[in-house]
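Structural features, examined
What follows is the residue order along each chain.
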Amino acid sequence: MKYDFVIVGAGFAGAVCAERLATNGQRVLVIDKRNHIGGNAFDCMDEHGVLIHPYGPHIFHTGSKRIFEYLSRFTDWRFYEHRVQAHIDGNLYPIPINRTTINKLYHLDLNEQETADYLASVREPRERLTSSEDVVLSSVGRDLCNRFFRGYTLKQWGLDLSELSAGVAARIPTRTNDDDRYFTDAFQFMPAQGYTAMFEKILEHPNIEVRLSTDFHVLRSIIEYDHVVYTGPIDAYFDYRFGKLPYRSLSFQHIHLSGVERFQSSGTVNYPNDQEYTRITEFKHLTGQQHAGTSIVKEYPRSEGEPYYPIPRPENEALFQRYNELAEATANVTFVGRLAQYRYYNMDQVVGAALKAVEALL
Ligand code: FAD
Ligand code: UDP
């Protein structure tokens, strides 16, 4: 069988490329070494009938109407705004840091302007925001940095804030009002039937064939194709020619609590300074599912294992650029996605990157 395109990976990057190419008349084979579609966004019922995300909590949010409308062809949505609290010295505080956080932590009663004044009095302005430490110190100062950010970051990345590029901590804003939503994007929704159901729809096209439990390195010599879209780790594609590109891994501990309807008061609770895990997420908040029991996941950061996060820091970016030069010189292969582009992309950004990649291909 000859294909116009072989797409390596059935996550957001691969599925969106497949759909766009197939709809434009191309014959597409999608393979994934895992035994399911959806990549890290895959969801499924656990053995107790609770919808869970095996690879950690995935909350969809985007500011892009175009991306939201594109995905809306394949799913209905459930409105959901994620809220996170940080567990510090036995108390829970809203994170991102807002007015409530500061009043509760310091036993104050500041209004919005006074909260802004307070932050202005504690922040340590930096001329250039190069590292994540620069970002946090210049927005909330040292005490809040040490309580909310330094420990969490060390646990999550195995690195100090000062060793990570600014973009990592810049994901988390600071607020002077009481808005306690984790994201403020215009579109915040969960796929109504779950991510896997949405991926089934995206990939449902007569020009698309999907083969699971299939590794590209095994298949590449036995099939015929014109072009590859590769969405796995870029260093693996080139057999680690310049050495391993660092990725951060996690191990997930999934727990079901039978007879417990609600375990915690928000979707996620972060543990910046105690516990080995970074956070606990209770899925029923995200999915709205009704069930007599509940399922939670604890995330334990790891240096070895499945690559989940690129690690944004200058030396890694430099190594990535060497691989990227190879990628650009490799005819007939397009690299797209979080691991292939070595970018700390959210799901919507991966969809955007895939749409852009296909436009260039067509
Ligand atoms: P992936 O989903 O990683 O898909 C790549 C696929 O390629 C994988 O399925 C892999 O098995 C396959 N593959 C790799 N190599 C080969 C090979 N040689 N042969 C065959 N198949 C191969 N984003 C959000 O927007 N909101 C969130 O709340 C959110 N939470 C997250 C929580 C965690 C713990 C993690 C790790 C990520 C989270 N993300 C979130 C990010 C989101 O998971 C990614 O942006 C998105 O899933 C990346 O899609 P992708 O297609 O680039 O990669
Ligand atoms: N972060 C932190 N404390 C928190 C939340 C986030 O220090 O309570 C920092 C930490 O470095 C983390 C980064 O901000 O890795 C990005 O957080 P986000 O919740 O976006 O991470 P993700 O959901 O991608 O794991």
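Residues numbered from 1 in each chain as written. Chains lettered and ligands numbered in written order. Predicted model: local features only at pLDDT ≥ 70, side-chain atom pairs only at ≥ 80, totals over all residues. Heavy atoms only, no water.

1. Points about helix 5 (residues 132–157)
For helix 5, built from 26 residues, the straight-helix expectation of 38 Å at 1.5 Å per residue is missed by more than 12%, its first-to-last C-alpha distance being only 12 Å. The largest bend in helix 5 is about 120°, located at Gly-141. Most of helix 5 is tucked away: 19 of the 26 residues are buried. A side-chain oxygen of the first residue of helix 5 lies 3.2 Å from the backbone nitrogen of Glu-133; this N-cap is Ser-131. Positioned one or two residues after helix 5, Gly-158 has a phi angle of 70°, which is positive. (Helix = DSSP H or I, 4+ residues; strand = E, 2+ residues; numbered from the N terminus. Expected span 1.5 Å × (residues − 1). Bend = angle between axes of the 7 residues up to and from the residue. Buried < 20%, exposed > 50% of the residue type's maximum accessible area, 1.4 Å probe, protein only. Polar contact = N/O pair within 3.5 Å; in protein donor to acceptor, adjacent residues only side chain to side chain.)

2. Some remarks on the site of ligand 1
Ligand 1 sits among 30 residues. The nearest are Asp-32, His-58, Ile-59, Tyr-345 and Met-347. Note that a nitrogen atom of ligand 1 is positioned 3.0 Å from one of the backbone N or O atoms of Phe-216. Arg-338 places a polar main-chain atom, nitrogen or oxygen, 2.9 Å from an oxygen atom of ligand 1. Calculation on ligand 1 without its partners gives an accessible area of 1000 Å², and the protein chains cover 95% of this total. (Near = heavy atom within 4 Å. Areas by Shrake-Rupley, 256 points an atom, 1.4 Å probe, with all protein chains shown as cover.)

3. Considerations on the side chain of Glu-133
Summarising the element assignment, Glu-133 is placed in helix 5. Among all residues touching Glu-133, those that are not within four sequence positions of it are Arg-126, Arg-150, Asp-160, Leu-161 and Ser-162. (Contact = heavy atoms within 4.5 Å.)

4. Some remarks on the environment of Tyr-277
Position of Tyr-277 relative to the elements: it lies in the loop between strand 13 (268–270) and strand 14 (279–282). In the structure, Tyr-277 is positioned 25 residues away from Arg-302 in sequence and 10 Å away in space, judged by C-alpha atoms. Excluding anything up to four places from it in sequence, Tyr-277 contacts Lys-155, Tyr-271, Lys-298, Glu-299 and Tyr-300.

5. Examining the sheet that holds strand 2 (residues 28–31)
Pairing in this open sheet of five strands is parallel, and the strands run 10-2-1-11-17 from one edge to the other. Two strands in the sheet have a free side with no partner beyond their single neighbour: strand 10 (208–211) and strand 17 (333–335). Averaged over all pairs of adjacent strands, the angle between their axes in this sheet comes to 20°, without regard to strand direction. Relative to strand 10, strand 2 runs parallel, the two being bridged by four bridges. Considered in strand 10, the bridge of Val-28 is made with Ile-208. (Pairing = 2+ DSSP bridges. Axes fitted to C-alpha atoms, helices over the stretch in contact; angles between N-to-C directions.)

6. A few points about the site of ligand 2
Around ligand 2, the surrounding shell holds 15 residues, and the nearest of these are Trp-157, Arg-171, Tyr-182, Tyr-309 and Tyr-344. Residue Trp-157 places a side-chain N or O atom 2.8 Å away from an oxygen atom belonging to ligand 2. Measuring from an oxygen atom of ligand 2, one finds a side-chain N or O atom of Asn-270 at 2.9 Å. When the free accessible area of ligand 2 is taken as 530 Å², the share hidden by the protein chains comes to 93%. The element that contributes the greatest number of residues to the shell around ligand 2 is helix 5, accounting for six residues. Partitioned by chemical class, the residues of the shell around ligand 2 number ten nonpolar, three polar and two charged. (Nonpolar A, V, L, I, M, F, W, Y, C, P; charged D, E, K, R; others polar.)

7. Brief notes about the nonpolar core
Residues Phe-12, Leu-71 and Phe-148 are the most contacted members of the largest nonpolar core, which totals 110 residues. In contact with Phe-148, other than residues within four places in its own chain, are Ala-86, Ile-88, Tyr-93, Pro-94, Ile-95, Ile-97, Thr-101, Leu-105 and Pro-272. Counting residues in hydrophobic clusters, the runner-up holds six residues, among them Val-269, Tyr-271, Tyr-277 and Tyr-300. (Core = buried A, V, L, I, M, F, W, Y, C linked by side-chain atoms within 4.5 Å.)

8. A look at the pattern of salt bridges
Counted according to the given criterion, the structure contains 19 salt bridges. Note that Glu-359 and Arg-66 form a salt bridge whose closest N and O atoms lie 2.7 Å from each other. One end of the pair, Glu-359, is in helix 12 (residues 347–361); the other, Arg-66, is in helix 2 (residues 65–72), and 293 residues separate them in sequence. What you see here is one network of salt bridges that share partners, running through Glu-124, Arg-126, Asp-134 and Arg-142. (Salt bridge = Lys/Arg side-chain N within 4 Å of Asp/Glu carboxyl O.)

9. A closer look at the sheet that holds strand 9 (residues 187–191)
Within the open sheet, the three strands sit side by side as 5-9-6. Their pairing is antiparallel. Where the open sheet ends on each side, the last strands, each with one partner, are strand 5 (61–62) and strand 6 (77–79). Pairing analysis gives three bridges linking strand 6 to strand 9, with the strands arranged antiparallel. Bridge pairing in strand 9 links Phe-79 to Phe-189.

10. What about the UniProt feature "domain: UDP-galactopyranose mutase C-terminal" (unreviewed entry) in the protein?
Under the UniProt annotation, the feature "domain: UDP-galactopyranose mutase C-terminal" (unreviewed entry) is placed at residues 148–344. Segment residues 148–344 splits into 26% helix and 24% strand. End C-alpha atoms: 21 Å apart. (UniProt positions renumbered as here; feature names shortened; annotations may be inferred.)

11. So, the environment of Gly-49
Within the element layout of this structure, Gly-49 appears in the loop between strand 3 (44–45) and strand 4 (51–52). Linking Gly-49 and Ile-7, residues 42 residues apart in sequence, is a C-alpha distance of 32 Å. Here Gly-49 is in contact with Gln-289 and His-291, once residues within four sequence places are set aside.

12. Points about unusual backbone geometry
In this model, Ile-95 is joined to Pro-96 through a cis peptide bond whose omega is 0°. Its location among the elements puts Pro-96 in the loop between strand 8 (91–95) and helix 3 (99–106). If you check the backbone angles, Asp-239 has positive phi at about 50° while not being a glycine. Within the element layout of this structure, Asp-239 appears in the loop between helix 9 (234–237) and strand 12 (247–257). For Gln-275, which is not glycine, the phi dihedral falls at a positive 70°. Relative to the helices and strands, Gln-275 resides in the loop between strand 13 and strand 14.

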